[in-house]
Amino acid sequence: MAQTPGQPIQPAQPQRGPGLPVPWEPVLSAAVGRPNSRDIDDYISRGGYDALKKALETMTPQDVTKVVADSKLVGRGGAGFPTGVKWGGTARNPAPRYLVVNADESEPGTFGNRYAIDADPHMLLDGMIICCYAVDIQQGHIYIRGENLHGFEVLEAAITQAYQKGILGPSVMGKEGFGVDIYVTRGAGAYICGEETALMESLEGRRAQPRIRPPFPIEVGGGLFGRPTVVNNVETLMNVPHIVERGAEWFAGIGNPACPGPKLYTISGSVNKPGMYELPMGVSLRDLIYKYAGGMQRDQKVKAVSPGALACQILPGDNLDIPMDTATLTRPPYFIPPFGPVGFGAGGIVVYGEEVDMVQIITNIAGFFARESCGKCVPCREGTHWMLDMLRRIASGAGRPKDLEVLRDVATNIAGRKTLCALGDFAVNPVGSGLRLFWDEFEAHVTKSSPARLLEPAAAG
Amino acid sequence: MIATAPPNMVTLTIDGAEVTVPAGTLVVEAAREAGIDVPVFCYHPKLSLAGACRMCVCEIGMPPPPGQPARPPALLTSCTTRVTPGMVVNTMASGALKARESVIEFLLINHPLDCPVCDAGGECPLQDNSHAWGPKESRFAEEKRLARKGAPLSPLVVLDQERCIVCYRCTRFMAEIPGEAELDFFNRGYSSELRTINDEAMQSRFQGNIIDLCPCGALTSETYRFRARPHDLDHADSVCAQCPVGCNIVLDSRANIMARVRPRQNESVNEIWLCDKGRFAHHYVSSPERLTQPLVMGDDGELRAASWPEALGTAAVRLQQIKEQYGPRAIGVIGGRNLANEDCYALARFAREALETPNIDHRAGARTAAANPLAAHGLDAFNSTYGAVESAGAVVLLGTDVYEEMPVFWLRIRKAVMFGAKLIVANPRATEADRLALHRLRYRPGAELSVLRGLLAALVESPPHEHAPPPAEGGEGAPPPPRDLSGLRQALGGVTVEDAARESGVMAETLRAVAATLAGAKNPLIYAGARLVIRADAAGLAAALVNLGGALGDRRAVNFFTEGANGRGAELAGLVPDEGGLSAGEIIAQAAEGKIKALYLAGENVLATHPDAEQARRALENAELVVMQELFVTETARHADIVFSATSLPEKEGTLTNAEGRVQRMHSGVRNEAEGRPDWSIVSELSAEMGVPLGYAAAVEVTRDLLADLPAYAPLAGCTIPSEGVIAREHAAEESAEPSAVQWAPLTPGPSPTGARPLTPSPSPTRGEGNEGAAPSAPTPPLPAWERGPGGGGLILVTYSELLGDETMVRPTTELLMMVPEPYVELNRSDAARLGLKDGQFAEVSTHKGGVVHRVRVNGRCPEGVCFVPDNVGEPRVNVLLDWESPATVVQVRPAPESVGVAAGVPGTAGAVAAEGR
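Reading the values: rules and limits
Residues numbered from 1 in each chain as written. Chains lettered and ligands numbered in written order. Predicted model: local features only at pLDDT ≥ 70, side-chain atom pairs only at ≥ 80, totals over all residues. Helix = DSSP H or I, 4+ residues; strand = E, 2+ residues; numbered from the N terminus. Buried ≥ 20, exposed ≤ 12 C-beta atoms within 10 Å, placed from the backbone. Contact = placed C-beta atoms within 7 Å. Rg over C-alpha atoms; globule rule 2.2 N^0.38 Å. Pairing = 2+ DSSP bridges. Domains from an automatic or database assignment. Nonpolar A, V, L, I, M, F, W, Y, C, P; charged D, E, K, R; others polar. Core = buried A, V, L, I, M, F, W, Y, C linked by C-beta atoms within 7 Å. Axes fitted to C-alpha atoms, helices over the stretch in contact; angles between N-to-C directions. Parallel < 35°, antiparallel > 145°, perpendicular 65-115°, else oblique. Left-handed = near helix turned anticlockwise from the far one by under 90°.

## Details of the overall build of chain B
Next up, step 1: Tallying secondary structure elements over chain B gives 26 helices and 34 strands in all.
Next up, step 2: Within the span of chain B, comprising 918 residues, buried residues form 58% of the whole.
Next up, step 3: Summarising the internal contacts of chain B: among those between residues at least 6 apart in sequence, 74% fall at separations of at least 24.

Set out below in C-alpha cells:
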C-alpha cells in the first residue's frame, strides 16, 4: 500500500452486528426463482398483503409509523435517513401528500431493485399501500428507470391485479375512506433522476435537475407538485410489510443495530459469483466476497472495493473485515474530509482485483459521472468533464506530473457540498479516494515508466 | 448577542456587523443592505432562485440549539439561504474565497475568453467577477468545448453558446416574467446548450430583456452587436416613445447616432423591463429617410425643399387668409399624442391663441368631444397607478388587448395574476391575456355597454357584501359594508341580467359569475381599452364603469387606457376640443365635405389613422391648406402644402405623461444635425409670424409654463421632477366613506350624449378594440351580421393594432420588421369552412369602400361571425375598408386568386426558422 498524501484510513475496530441468524432465511428475496412469484395469488399464498390487512384492521396510521420508527429502518437508497422519521414528518404537513418510489436504480454495480421488482412486485405495492395508510396518502408514484422496461411491465401487471382484487382503488381492501392509486412512470435515461428532487422534476414533466432545499420534499413546496411527499427507495418499502407483520423488535435484531434489517447486497467485479445476496446489514466484506460471492477470480488479492457502487469512495483491499452497512461507512473513521463519508449507497459492491489498472477504472468511473452530470450547477458540470479530460490524458500516457496535483485540487473544489446536490460529491468520491490510495499508479502513468507511454510514445507531451 | 428586533425582523451578523432585515430575506440581499456585495451570476432579484452558479457561497454559521455545542459554519449559497436570528455570515472566509475562485476557474475553462471582440466586454459580470475573484492563471490544458456561435435565436437576439455560463437567467425570465417559455437548455451537463423550442425563431415581444439579463456575452442584440463599445457610448436618460406605458430608458449613442436603447429601472413603471418595440425601434431617429428641412408645395404640385423663413412665412400667411376668409372654425388641428408635453402645450396655445379655433384634438378617429369621459363624474381617465394592480384582488380588462397595447404593463398584470389576482378578460376576440383569465367574456363587437349593464344587474340581484369572504379567513380587513344599491337599481331602469346577456352575447351565468368574483375580491381594478374612449357611446360606457366601480366599493377603480406615447399628456395639455369644437374624426369628416378649409396636423398620419381612408383622402384633397409637422414624408405629407421638419422624441428635452398620468423627464439622446426643430419651437415661431408670439426659446421655458398653467400639474410648479416621475391628477376624487353617498350615474338608454352620430361605429385604426359599435347605447341594438348567421355573407370586422406593425417608426429597424406579422385576416374555423378558405390561403376582404388581400389565419380566436385584421400591418391599411358614416363594418371575405396574393407582398417573415449561422 503506497503512502500517499492525504489522510490514510486508520484501521478500524469494526462494530460487528450479531451476525446471521441461524438458519438465515431470506426475507426480501424469498420469491427469487419461484415460479409465478409475480402473480398476486402466489404472493397472497405466501402471506402477502397480510401485513396490510393487519395494519388496516388493527392499527392506526400512527401505530404503523411508530412500528416503522421503532424498527430503526433506514432508507436503503444510500442516504440512510430513518424512514419512520420521514413518514412522521410528512404526516404532520398538510394534505394532499404523495408517495414517490425511487426505482430509478441506475448506478453501475447496483441492481437489487431490478431483481426485487422482477421477483416480487407485490411486496413493493404492499409496502407502498401501508406507507399511504400511515401517512394518509391517496396517490403513489413509482418512478422506474427507463431502461428497465421489463420492470415497468411487471409493475403495471401487478398494479392491474391489485386493482382487480380491490387492494388498490377507491377503498383498499374494503376499508371505507381509504383509497390508493398507484402510477408507474418511466424515466428517460438519466442518472440524475435517482436524485429525489430531480426525480420529482422529471415526474412533473420538466427537465430533470435538482431543486434547491429547503423546502425539503416532506414540506409544502418541496415535494411532488409542491405537496409534502414521502420519497422512498424500493427496497426500503419492501421491508415495511415484514416489519408490520413480525414487529419492530424482530427487525431491529437483525444485523448492525445502528441500521438493522435484511439487505439486498449486489456484488460484482473480479469475484467468481457476482450477483444479489440477501444478508443482514453489517455482513463483513470478507464474508461477502469469500463466503457468498465465491471468492476472487483466479484467486487474486483484493486490490480495492467500491463499497456502494461507483459513487462511494474507494476502499483499499487491505481491510476485509469492514462491516458493509450504512451506519459504519458514513461515520468516522469512514468520514474522510474534504470528501466526507465513504458511503454505502444502495449496497452495490464492486470488487477490484490486483490485475486491474486503477487509473483506467477511475477514468471509466469519471466518464460515467461526467456524462451523467445534469449541468445545473457549475462545479459539477465543468469540473467532472475537466477531471475526465485529464484522466483520459493521463490514462493514455499523455499526462504530465503536475496534472495529478491539478486533478486533486479540481476534485477538492467540487467536493464537500459545494454543489447543488450530492452528485458533485459522488463524482469526486472515486477520483479523490483513488488518487489518495493509488497515487503511485497515477504517478507511474505520468512518468516514463508508464506502459501507455511505451506503447504510444507520440502521445507523450 | 442579538439585539431585540421588531417582529418580523431578523438580526444577524454579516462580516462582523449586525444587520436587521425582514424575516425571509435572502442572505445575499441582507449583505447588500449592509453594503457588502456578494458576487452572483445566476441570482437575480426579479427571478426565481436557481442556486446554479455557486458563486455566492459564504461561510454561514447557525446558532446552536439550546444546550447543544456549536456546529462549525458551513459553506452555503447566500442566494438560496434565508436569514435566521443570530446567523453569522462571513462573506470573505477563506473557504468561500477558494470556492469562488474555483467557480470562476470552472466557468472560464471552456469560455472563449474573447473579451476584446465581445459586445459585453466592459459591462460584463463574468469579466468583472473574474478580475475580482478569479484565479491568477489558467491550469486548463485540455481542448475547449466547441459550440454554436453567432446563432440567431430570432431576428433580434443572437447566441454565442461558447460564451454561455448556463446561469438559466434567460430561460427563467422567459418562463416566469412574460410566461413564454420559448427557450430552454437542451442536452445535459457539459453538453447543455440553449435552444429555442423546435429551433423556431422566438416570437416573444419581451425577448430583448434576456440580453440585459445575460451575465456574459452569450446573448447579444442583432442590432447592436459589433457596433460600439460601452466606453464609446454617450448616455441620456429618457422615456420610451413607442406606447403609453412610459417605460424609462437610457439612450446610448455613439458619435451622435443611436446605438441602442436600454431599460432604466423605475419600479413604479417598467421595473427593469422593456418590450422589443421600445428596445429595438430606434433606427428611425437616424434614418436617412428623415425629413431634413421644411417642404413647401410648389406650383407644379410637387413638394420642394424650402427654408424655414419661407415655410413659416407661407404657412402664417395662408393660415391667416383662411382664418379671415372662412372664420377660425374652418381650421382643424389634429395631433399631439406622439409629441412631448411641451409640444402639446405650445400647440394648444397656438391653436387657441393664434388660430383661435375650437377644433383641436389629439385622438385620431375620435367621435366624441370629451377626451376624458370620466371627467363628468369627477374622475381622471386613469385613477390608479400601475403598481396598484399588484394589490388588486381582481382585474377586469374590457375591450383591450393589453399585451399589444401596453406590453410592459401586461407584465405587471401578469405578475398580479401569478400572485393570485383574478383576471377577467372581456373582448370580442381572444387575446394573449385570455390564457390567464379566470373568466373570458366574448361579447358581440361593440356590446361593451351591455356587458357592463349585465354585471351591474347581477350585482343588484346579489349585492357585493353577500359575496365577501368571511372575515375570519385571512384575518385582514373588515368585510365591505353593505351598500345600498337601490339607486343603482333605479339607474339601470329595469335591465335584467338576461336582457344584457341577450344583447351582449355573453351567457347570463357568466355575467353572474363575474359579478360574484368581483364582489368577492379586494380592491378590484377595471381597465378599459383606449379605443372605447373615442367611441360614440363613450359617455355611456363611462357612466356604467363608474357605477360598476361604485358598486364594488370605489369608483376610482375605473381606468381608461390611452393611445400614443403621450396621449394622456396631450389630453392634460389641452389638445382637446373646446366647447362646440369638433373631435378629430369629425374634423376629417367635415374637411372631406369641404366645411373645414385648413388642416393643421402635428405628427398625425391621418391617411393611416382615420377610420375611413377614402374620407381622409378626400379631406386632404378638399382642404385648401394642409400644414404638417412631421419626421418623414408620410403618405399624408404628400398631400400637404407645407411640411415642417420636426425632431423626434429621442432628440428632445422635455416631459412625457404616461397612461397612468405620471409626468417623467426625458433628455435628448442625440442632436438633430439636419434642419429639424422641436414641435414646440415650430408652433412658437409660427405663432410669432401670425402676430401672437408665444415667446418660447427653450424647452424648459415651456415646461415651466405648462407646469404652472395646467391644473393637473399645478402641484409640480417650480419643482424638480424626480427620477421616478410624479403622478398628475386633474380631479382630486375623494371617495366618500359613507356608502350611501355613492352617486349613481344615470344610465339612460338612448342616443349618445354627443348627440352627433349616435349609432355609428368608430373603427379607428390605431390601438384598441371593439370599434364596430353595434349601437350599444340603444335599448335593443340592431344585431347585424352576427345574428344573420351563416349564409348572411358578411362578417363583422374587428381591428386594432399589433404591437409591431410596419409603421414609419418601425420600418427603419429591419431586424424588428422581420418580427412584424405578414398581413392577415383571422377567421373562425366554421366561417372559414363556410367560405371555402383554408389556413394560409389568400382572401380578399372587401366592403363598398374598398378591399385588401391578406393571408388567412384560421383559429379559434374570433367567434363565429367575426373576423379580425390588424390595422397597422400591410399596404393598404385596413382603414380602406371602413366607412365613417356607417355602423358596424360588415365585410365580405372570399378566396383571392393566388397571383393577387403574391402581388400583395409579404412584409413580415416572422416565424422563420432561426438559421444556424457561424
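## A few points about the overall build of chain A
Next up, step 1: When helices and strands are counted, chain A shows 18 helices and eleven strands.
Next up, step 2: For chain A, the C-alpha radius of gyration of 23 Å lies close to 23 Å, the compact-globule estimate for 461 residues.
Next up, step 3: Considered along the principal axes of its C-alpha atoms, chain A spans approximately 75 × 50 × 35 Å.
Next up, step 4: Looking at the 461 residues of chain A, the share that counts as buried comes to 57%.

## Let's talk about the pairing of strand S26 (residues 654-657) of chain B
Residue and element names in this part refer to chain B.
Next up, step 1: Because side chains alternate across S26, one face comprises the buried residues Gly 654 and Leu 656, and the other comprises Thr 655 and Thr 657, equally buried.
Next up, step 2: In terms of strand pairing, S26 meets strand S27 (residues 662-666) through four bridges, oriented antiparallel. When the sheet's bridge partners are listed, Leu 656 is paired in S27 with Gln 664.
Next up, step 3: Between S26 and S27, which pair antiparallel one after the other, the connecting turn spans four residues, and Gly 661 there sits at a positive phi close to 95°.

## Side note on helix H5 (residues 112-119) of chain A
Next up, step 1: When H5 of chain A is considered as a whole, its buried residues turn out to be Gly 112, Asn 113, Arg 114, Ala 116 and Ile 117 of chain A.
Next up, step 2: Where H5 of chain A is buried, its residues touch strand S1 (98-103), helix H6 (121-135), helix H7 (149-164), helix H9 (234-246), strand S5 (262-269) and strand S6 (275-280) of chain A.

## Looking at the domain arrangement of chain A
Next up, step 1: Partitioning chain A into structural domains gives domain 1 (40-252), domain 2 (262-353) and domain 3 (358-459).
Next up, step 2: Of the residues assigned to the side of domain 1 of chain A that touches domain 3 of chain A, the class counts are seven nonpolar, one polar and one charged.

## Remarks on the nonpolar core
Next up, step 1: Ranked by size, the top nonpolar core spans 439 residues in total, and within it Ile 130 and Cys 131 of chain A together with Val 395, Leu 456 and Cys 867 of chain B carry the most contacts.
Next up, step 2: If sequence neighbours within four positions are ignored, Cys 131 of chain A has contacts with Trp 87, Leu 99, Val 230, Asn 232, Leu 237 and Val 240 of chain A.

## Some details on the environment of Gln 320 of chain B
Next up, step 1: Inspection of the secondary structure assignment puts Gln 320 of chain B in helix H7 (residues 308-326).
Next up, step 2: Measuring from C-alpha to C-alpha, the distance between Gln 320 of chain B and Pro 294 of chain B comes to 19 Å, with 26 residues separating the pair along the chain.

## Focus on helix H8 (residues 196-203) of chain A
All names here are of chain A.
Next up, step 1: The element H8 is extensively covered by neighbouring structure, given that eight of its eight residues are classed as buried.
Next up, step 2: Residues of H8 that are buried: Glu 196, Thr 197, Ala 198, Leu 199, Met 200, Glu 201, Ser 202 and Leu 203.
Next up, step 3: As for H8, its buried residues are in contact with S1, strand S2 (139-144), strand S3 (181-186) and strand S4 (229-233).
Next up, step 4: Two residues or fewer after H8 comes Gly 205, characterised by a positive phi angle close to 100°.

## Side note on the domain arrangement of chain B
Residues and elements named next belong to chain B.
Next up, step 1: Domain annotation of chain B identifies domain 1 (9-103), domain 2 (145-280), domain 3 (295-370 + 566-727), domain 4 (375-559) and domain 5 (785-903).
Next up, step 2: With eleven residues of domain 3 in contact, the opposing surface of domain 5 contributes ten residues.
Next up, step 3: For the side of domain 3 that touches domain 5, the elements supplying multiple residues, two or more each, are helix H18 (584-592) and helix H20 (613-622).
Next up, step 4: Per-class residue counts for the side of domain 3 that touches domain 5 are five nonpolar, four polar and two charged.

## A closer look at the interface of chain B and chain A
Next up, step 1: Taken together, the contact pairs 23 residues of chain B with 25 residues of chain A.
Next up, step 2: With six residues, the top contributor of residues to the side of chain B that touches chain A is helix H2 (residues 94-109) of chain B.

## Quick word on the packing of helix H13 (residues 358-372) of chain A against helix H14 (residues 378-395) of chain A
Residues and elements named next belong to chain A.
Next up, step 1: Two numbers describe how H13 lies on H14: the axes approach to 9 Å, and their chain directions differ by 155°. With respect to their mutual orientation, H13 and H14 come out roughly antiparallel. The interaxial crossing formed by H13 with H14 has left-handed handedness. From H13, Val 359, Gln 360, Ile 362, Thr 363, Ala 366, Gly 367, Phe 369 and Ala 370 reach across to H14, where they touch Thr 384, His 385, Met 387, Leu 388, Leu 391, Arg 392, Ile 394 and Ala 395.
Next up, step 2: Its residues assigned to classes, the contact of H13 with H14 shows ten nonpolar, five polar and one charged.

## Remarks on the pairing of S4 of chain A
All names here are of chain A.
Next up, step 1: For S4, the tally of buried residues reaches five of five residues, placing the bulk of the element in the interior.
Next up, step 2: Across the two faces of S4 the burial is the same, with Thr 229, Val 231 and Asn 233 and Val 230 and Asn 232 all buried.
Next up, step 3: By the bridge criterion, five bridges tie S1 to S4 in an arrangement that is parallel. Residue pairing across strands places Val 101 opposite Asn 232, the latter belonging to S4.

## A look at the sheet that holds strand S11 (residues 348-353) of chain A
Residues and elements named next belong to chain A.
Next up, step 1: Spatially, S6-S5-S11-S7-S8 is the arrangement adopted by the five strands of the open sheet, whose pairing is mixed. In this open sheet, the two strands that pair with only one neighbour each are S6 and strand S8 (315-316).
Next up, step 2: Pairing geometry for S5 and S6, over six bridges, is antiparallel. Each residue of the ladder has a partner; that of Leu 264, found in S6, is Glu 278.

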